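# Survey of secondary and tertiary structure
Here is how the chains run, residue by residue.
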Amino acid sequence: MQLKPIHQQVVAVVGASSGIGRETAFKFAQRGAKVMVAARSESGLKSLVEEIQSFGGEAAYVVADVSDFEQVKAIADKTVALYGRLDTWVHAAATGVLARFDQITPEEFQRVIDVTLMGQVHGAMAALPYLKQEGRGALIHISSVEGVRSLPLQSPYSAAKHGVEGFLESLRVELQHERLPISVTSIKPAVINTPYYNKVRTKLGVKPTGIPPYYQPSIVSDAILYAAEHPTRDFIAGDVGRILDVLQRVSPELVDSILALIGFAGQRTNEPKSEDAPDNLYAPVPEYDRVKGDFDQLTIPTFLDWLDMNPPLKWGAVTFAALGVAALLGGWRPGEKV
């Protein structure tokens, strides 16, 4: 399967008014792609398009609530009407409620599912006919390590991300069966320093936080641009996410115990915040239309992402390590210490 170089692509980025989506759209435009951006916040979209056009990039926007399929379909339709085709669809829109499960109303839970799961379903449904029409392309969905391992106080968001993983696996195999050269990628970020924790609804009595450490949004946008040119099944962005993935495979019970110890205090700041404070569950919060959140001081670099984007070096390193272990064991004799 071969994807077009980014500078030849038409890309739609959904959830682009802030955070990962905003930075991703900007980087696609910097690399020469024609970009359609969408979100609920018109002011955020306008400022993003102006930024892109200021350096000569091509961009336009559509205001849309992803819980409504017709509004999502309009993103795809307008992209093709303006630019003639669609090559890559990036879906990053999400919302959440941080609270104990028994404090969340059915309506709040349903709304998170409608945006964070069904929004992604709507995106794939809207984009797929145009990708099939083009004969190739990429669906890139921003899932989460919470699609691998749920966290306490985030039951609706975790449920939605598990749902994203489920439908993408099914869709990926169906496209493979049809021999359609359309790449389906799940990007699973660890904790990222975006305005998500400024905008999310909270019933914790304080402003919420992800469990540190954080990573900057750039590690996710870099992974998305990589997947737009290199067919990729899954990409965990952030080394801590990889560690969590391994621990969950080895012993879910161990992860349960760890999260019981750190998962509650670790998601609370000391900054009071009422549950009546503005949030983005049902409406945008334009004052947070920016890329980064408030946790620069808690961010760390990632190292393994670069290896995943350079497979020959990655497998060379794995082979070298395996040969080293084999050589070590080959020289061992019973009764000797290794």
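Residues numbered from 1 in each chain as written. Predicted model: local features only at pLDDT ≥ 70, side-chain atom pairs only at ≥ 80, totals over all residues. Heavy atoms only, no water.

### Some details on the environment of Ala38
The test is simple: Counting from the N terminus, the helices are the DSSP runs of H or I reaching at least four residues and the strands are the DSSP runs of E reaching at least two. A simple rule labels every residue: compare its accessible area, found with a 1.4 Å probe on the protein chains alone, to the largest value its type can have, and call it buried under 20%, exposed over 50%, or partly exposed in between. Here, residues are in contact when the closest pair of their heavy atoms is within 4.5 Å.
Inspection of the secondary structure puts Ala38 in strand β2 (residues 34-39). A relative accessible area of 0% places Ala38 in the buried class. As for Ala38 and Val10, which are separated by 28 residues in sequence, their C-alpha atoms are 14 Å apart. Setting aside chain neighbours within four positions, we find Ala38 in contact with Val13, Val14, Gly15, Ala16, Leu45, Val62 and Ile75.

### A look at unusual backbone geometry
A cis amide bond links Pro212 with the next residue in sequence, Pro213, at an omega value of 5 degrees. Mapping Pro213 onto the fold places it in the loop between β9 (206-208) and α7 (218-229). Backbone geometry at Leu153 places phi at a positive 70 degrees, although glycine is not the residue there. Mapped onto the elements of the fold, Leu153 is located in the loop between β6 (137-142) and α5 (155-177). The class of Leu153 is buried, set by a relative accessible area of 6%. Of note in this structure, Arg179 is not a glycine but carries a positive phi near 60 degrees. Judged by its relative accessible area of 77%, Arg179 falls in the exposed class.

### Quick look at the pattern of salt bridges
Rules: Any carboxyl oxygen of Asp or Glu within 4 Å of a side-chain nitrogen of Lys or Arg constitutes a salt bridge here.
What the rule picks out here adds up to 25 salt bridges. The residue Asp87 makes a salt bridge to Arg85 at a minimum N-O spacing of 2.9 Å. Asp296 is the partner of Lys292 in a salt bridge, and the nearest nitrogen-oxygen pair spans 3.9 Å. A relative accessible area of 41% means that Asp296 is categorised as partly exposed.

### Some points on the packing of aromatic side chains
Formally: Two aromatic rings, drawn from Phe, Tyr or Trp (for Trp, its six-membered ring), form a pair once their centres lie within 6.5 Å of each other, and the interplanar angle then sorts them: stacked below 30 degrees, edge-to-face above 60, tilted otherwise.
For the structure shown, the criterion picks out seven aromatic pairs. Taking the centre distance of 5.5 Å and the plane angle of 55 degrees together, the rings of Tyr157 and Tyr196 count as tilted. Taken together, the positions of Tyr157 in helix α5 and Tyr196 in helix α6 (residues 196-199) put the pair 39 residues apart, joining distant regions of the chain. Like Tyr157, the residue Tyr196 is buried in the burial classification. When the ring of Tyr226 is compared with that of Phe235, the centres are 6.5 Å apart and the planes differ by 55 degrees; the resulting orientation is tilted. With respect to burial, Tyr226 and Phe235 carry one shared label: buried.

### Describing the packing of helix α1 (residues 19-30) against helix α2 (residues 42-54)
Quick reminder of the rule: Axes here mean lines fitted to C-alpha atoms, for a helix over just the part in contact, with angles spanning 0 to 180 degrees between N-to-C directions. Here the angle decides the label: under 35 degrees means roughly parallel, over 145 means roughly antiparallel, 65 to 115 means roughly perpendicular, and every other value means oblique. Take the far helix as the reference: if the near one is turned anticlockwise from it by less than a right angle, the crossing is left-handed, and if turned clockwise, right-handed. Residues were grouped as follows: Ala, Val, Leu, Ile, Met, Phe, Trp, Tyr, Cys and Pro as nonpolar; Asp, Glu, Lys and Arg as charged; and all remaining residues, including Gly, as polar.
Where α1 meets α2, the closest approach of the two axes is 10 Å, and the angle between their N-to-C directions is 25 degrees. In terms of orientation, α1 and α2 fall into the roughly parallel class. α2 is crossed by α1, and the crossing has right-handed handedness. Touching Arg22, Ala25, Phe26 and Ala29 of α1 are Gly44, Ser47, Leu48, Glu51 and Ile52, all from α2. Taken together, the residues of the contact of α1 with α2 break down into five nonpolar, two polar and two charged.

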